[in-house]
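What follows is the residue order along each chain.
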Amino acid sequence: MLETILNVIFGVASAVAVIIGVGYFWGWFYACPTSQDETGYVRASDGWRLAVHRYCDGKPNGLPVILCHGMSANRYPFDLKGAPSLARYLKARGRDVWVAELRGSGMSDRPGFLTADVPYTWTFEDHLRRDLPAVVSYVLERTGAPAIHWIGHSMGGMVGLAHAAEQTDPPIASMVAMGSPVDFSKMRMRAFPILAKLMWLLYLTHVPPMPFIGRLIIPVAHKLPRCLLGLFQPSNITPSTARRVVALGSTLITSRALWMDFGRYVETRVLGPEKGPPYMENLSQSKVPILTIAGSEDRMAPPESVLALCNQGKGTAGGACMTLGKESGCVEDYGHMDMLLGIRAEQEVFVPILEWLESHEESVKEPGRPVDGSPDRGAAISESAG
């Protein structure tokens with residue numbers, strides 16, 4: 001009996017060790033730098049240090065543009081070597097681009113596997129109430145611009161939309177939300193069977209195992225079937241890009257509390273805090289013009305959830321919606337990540353985004369104005385890296 005128990009313990013420990021080892025191996029194997037011109041840091045109101053990467057060539061045109069990643073992601077989906085890059089594309093066309101990494105991601109403060117100087121848990125509320133205000137104020141102060149454009153992918157768009165819904169007059173000239181659900185009552189619950197079966201693991205460890213498990217599929221990442229949440233549309237992304245963004249574009253050590261937030265959104269079908277009104281309750285009343293982009297074959301953020309307000313005729317003033325797919329004139333249908341990294345992303349996605357930015361350049365705020373509603377816009381840190 002004792003021998004059987006020890007064998008089981010040894011087997012489980014070996015499996016865990018393999019999963020952890022594989023997770024770190026692929027990050028090392030595909031390691032490559034991003035091409036930002038400088039990296040600055042700002043502290044959120046609770047002390048977390050956030051990295052903000054600038055892409056700017058000479059004197060920029062128009063208002064600065066902030067790019068914000070999704071849950072458990074980082075800067076790489078916006079700047080992956082050898083793949084389409086929204087950051088590099090906008091920079092090449094004279095824009096002043098700032099790629100933000102939220103707490104726990106990339107070069108921002110984040111915990112390690114065994115030790116940490118920061119908590120292992122942070123929530124959607126932390127990103128919304130602390131990270132976004134600090135990043136926006138930092139960019140306004142650095143540039144002296146009257147306002148910014150916010151482009152968010154997945155959760156990065158959700159954070160921006162929630163902020164726009166809650167603030168009456170934010171210093172945001174326009175917003176682009178890419179694959180960002182606003183109505184969880186329209187999420188296809190059957191699209192999350194694997195995630196639902198793994199959620200119980202969150203109660204066993206302070207480090208969510210999902211990112212580690214995700215790295216196990218890297219050799220076949222470009223062939224992911226639609227049942228695996230539609231991370232990519234395989235015909236719309238190169239195998240190399242698919243493998244590398246899974247290896248580099250996700251942060252291994254992430255927040256259990258954040259994953260549980262999204263688990264609650266899916267289970268209750270309400271995108272909001274445990275107590276209080278939904279985040280997007282007043283989004284249709286926002287003055288910020290929003291371009292909403294959905295992938296026709298996105299199973300992580302289905303079009304009906306992303307385009308919910310548009311479909312209900314409740315979009316923001318001056319807002320617009322687009323679906324990336326064959327029916328709308330694209331060569332291929334789009335999944336969740338290939339709207340940033342797809343083979344034809346530059347022509348089919350980046351061009352309309354740039355046109356949107358150029359059509360919303362009016363000065364709407366005083367230069368350097370702090371973000372409304374933030375308890376502390378954060379303190380800039382005077383360290384930078386090329």
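Residues numbered from 1 in each chain as written. Predicted model: local features only at pLDDT ≥ 70, side-chain atom pairs only at ≥ 80, totals over all residues. Heavy atoms only, no water.

Peer 1: Sorry, what's going on with the overall build of the protein chain here?
Peer 2: A tally of helices and strands in the protein chain yields twelve helices and nine strands. The buried share of the protein chain, reckoned over its 386 residues, is 56%. Once local pairs closer than 6 in sequence are excluded, the contacts in the protein chain between residues at least 24 apart make up 79%. (Helix = DSSP H or I, 4+ residues; strand = E, 2+ residues; numbered from the N terminus. Buried < 20%, exposed > 50% of the residue type's maximum accessible area, 1.4 Å probe, protein only. Contact = heavy atoms within 4.5 Å.)

Peer 1: Help me out: how do you make sense of the environment of Gly249 in this one?
Peer 2: With respect to the helices and strands, the residue Gly249 is situated in the loop between helix H7 (239-248) and helix H8 (256-268). Look past the residues within four positions of Gly249 in its chain and what remains in contact with it is Ser72, Ala73, Asn74, Tyr76, Pro77 and Arg244.

Peer 1: Looking at this structure, how should I read the packing of helix H3 (residues 124-143) against helix H4 (residues 155-166)?
Peer 2: Packed helix pairs are specified by the crossing angle of their axes together with the interaxial distance, meaning the distance between the axes. Relative orientation of the contacting elements H3 and H4 amounts to 65 degrees, with a least axis distance of 10 Å. Our classification of the angle between H3 and H4 gives roughly perpendicular. Note that H3 runs across H4; the crossing there is right-handed. Contacts between H3 and H4 involve Phe124, His127, Leu128, Arg129 and Leu132 from the former and Met155, Met158, Val159, Gly160, Ala162, His163 and Glu166 from the latter. Partitioned by chemical class, the residues of the contact of H3 with H4 number seven nonpolar, three polar and two charged. (Axes fitted to C-alpha atoms, helices over the stretch in contact; angles between N-to-C directions. Parallel < 35°, antiparallel > 145°, perpendicular 65-115°, else oblique. Left-handed = near helix turned anticlockwise from the far one by under 90°. Nonpolar A, V, L, I, M, F, W, Y, C, P; charged D, E, K, R; others polar.)

Peer 1: Help me understand the side chain of Arg244, please; the structure alone is not making it clear to me.
Peer 2: Along the polypeptide, Arg244 turns up in helix H7. The buried charged residue Arg244 lacks any salt bridge, with Asp79 as its nearest oppositely charged partner at 9.1 Å. Setting aside chain neighbours within four positions, we find Arg244 in contact with Tyr30, Leu80, Lys81, Gly82, Ala83 and Gly249. (Lys, Arg positive; Asp, Glu negative; His and termini not counted. Salt bridge = Lys/Arg side-chain N within 4 Å of Asp/Glu carboxyl O.)

Peer 1: What exactly am I supposed to notice about the nonpolar core here?
Peer 2: Note that soluble globular proteins tend to have their nonpolar side chains buried in a common cluster. Grouped together as the largest cluster of nonpolar side chains are 48 residues, with contacts concentrated most on Ile66, Phe124, Trp150, Met280 and Leu283. Top contributing element to this core by residue count: H3, with nine residues. Setting aside residues no more than four positions away along its own chain, Met280 makes contact with Met158, Leu161, Ala162, Ala165, Val182 and Leu271. (Core = buried A, V, L, I, M, F, W, Y, C linked by side-chain atoms within 4.5 Å.)

Peer 1: Mind showing me how you'd approach the side chain of Arg299 here?
Peer 2: In this fold, Arg299 is placed in the loop between strand E7 (290-295) and helix H9 (303-306). Arg299 gets classed as buried once you look at its relative accessible area, which sits at 14%. A distance of 3.2 Å separates the side chain of Arg299 from the side chain of Glu297, its partner in a polar contact. (Polar contact = N/O pair within 3.5 Å; in protein donor to acceptor, adjacent residues only side chain to side chain.)

Peer 1: Explain the environment of Val288 to me, please; I cannot follow it from the model alone.
Peer 2: Among the structural elements, Val288 can be located in the loop between H8 and E7. The class of Val288 is buried, set by a relative accessible area of 3%. Considering only alpha carbons, one finds Val288 and Ile172, 116 residues apart in sequence, at a separation of 6.7 Å. Not counting residues within four places of it along the chain, the set of residues in contact with Val288 comprises Ala164, Pro170, Ile172, Ser174, Met175, Thr316 and Ala317.

Peer 1: I would appreciate a short explanation of the packing of aromatic side chains in the present structure.
Peer 2: Here the structure, examined in full by the defined rule, presents 15 aromatic pairs. Each ring, one from Trp48 and one from Trp122, has its centre 5.5 Å from the other, and the planes form 65 degrees; the classification is edge-to-face. Taken together, the residues Trp48 in the loop between strand E1 (38-43) and strand E2 (49-55) and Trp122 in the loop between strand E4 (97-101) and H3 connect sequence positions 74 residues apart. With 5.6 Å between their ring centres and 65 degrees between their planes, Phe184 and Tyr265 make a pair best called edge-to-face. (Phe/Tyr/Trp six-rings, centres within 6.5 Å; stacked < 30°, edge-to-face > 60°.)

Peer 1: How do you make sense of a nonpolar patch on the surface when you look at a structure like this?
Peer 2: On the surface, Met1, Leu2, Ile5, Leu6 and Ile9 cluster together into a nonpolar patch covering about 570 Å² of accessible area. As for its placement among the helices and strands, Leu6 is situated in helix H1 (residues 2-29). (Patch = residues over 30% accessible without salt bridge, like charges linked within 9 Å, V, L, I, M, F, W, Y side chains within 5 Å. Areas by Shrake-Rupley, 256 points an atom, 1.4 Å probe, with all protein chains shown as cover.)

Peer 1: Looking at this structure, I do not really get the state of the cysteines. What am I missing?
Peer 2: Working definition: the covalent bond between the sulfur atoms of two cysteines is a disulfide. Under the criterion given, the structure shown has one disulfide. With a sulfur-sulfur separation of 1.6 Å, Cys310 is cross-linked through a disulfide to Cys321. Of this pair, Cys310 sits in helix H10 (residues 308-311) while Cys321 sits in strand E8 (residues 320-324), and the two are eleven residues apart along the sequence. Its relative accessible area of 27% is what places Cys310 among the partly exposed residues. (Disulfide = S-S within 2.5 Å.)

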